[in-house]
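# Structural overview
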Amino acid sequence: IYQISLDRNKMLWQKSVANLPWICVRDESGKTATVYNVQSVPTLFLIDRQGNIVGRYEDIRQLAADITEHSDRNYLHDILQQAGIVFFYFYKYNRK
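Described below are features of the structure shown in this document. Predicted, not measured: the structure shown is a model, and the values here were computed from it.

Criteria and thresholds
Residues numbered from 1 in each chain as written. Predicted model: local features only at pLDDT ≥ 70, side-chain atom pairs only at ≥ 80, totals over all residues. Heavy atoms only, no water. Helix = DSSP H or I, 4+ residues; strand = E, 2+ residues; numbered from the N terminus. Salt bridge = Lys/Arg side-chain N within 4 Å of Asp/Glu carboxyl O. Buried < 20%, exposed > 50% of the residue type's maximum accessible area, 1.4 Å probe, protein only.

### Brief notes about unusual backbone geometry
For residues other than glycine, phi is negative in most cases, and the peptide bonds are mostly trans. At the junction of Val41 and Pro42, the peptide bond is cis and its omega measures out at 0° in the coordinates. Relative to the assigned elements, Pro42 resides in the loop between α2 (31-35) and β3 (43-48). Positive phi values are uncommon outside glycine, yet Asn37 reaches one of about 55°. Tracing the backbone through its elements, the reader meets Asn37 in the loop between α2 and β3.

Structure below.
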């Protein structure tokens, strides 16, 4: 998981991610969100080893539903085996 925060408040961001077990970075300018056409947060991406977006989700429940829908074909296992970055996650802790 690679999480990109769009928070402008650095102290709030640091406190919010202090104990998360994945990579967390902060993009206060929002340039990365512009490159990926992020219109709302949270937005999640599945990206394969070649850098191709194989899934885009605006809600973790959408991702879970997609995985459940394809579970009979071992969808999650296949995605995890192919993905270099499993989740590319845009988030904003302070939504003010």
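From this point, the discussion proceeds with the structure in view.
### Thoughts on the pattern of salt bridges
The final tally for this structure, using the stated rule, is two salt bridges. The partner of Glu28 in a salt bridge is Arg26, and the shortest N-O contact between them spans 3.2 Å. Overall, the relative accessible area of 23% leaves Arg26 in the partly exposed class.

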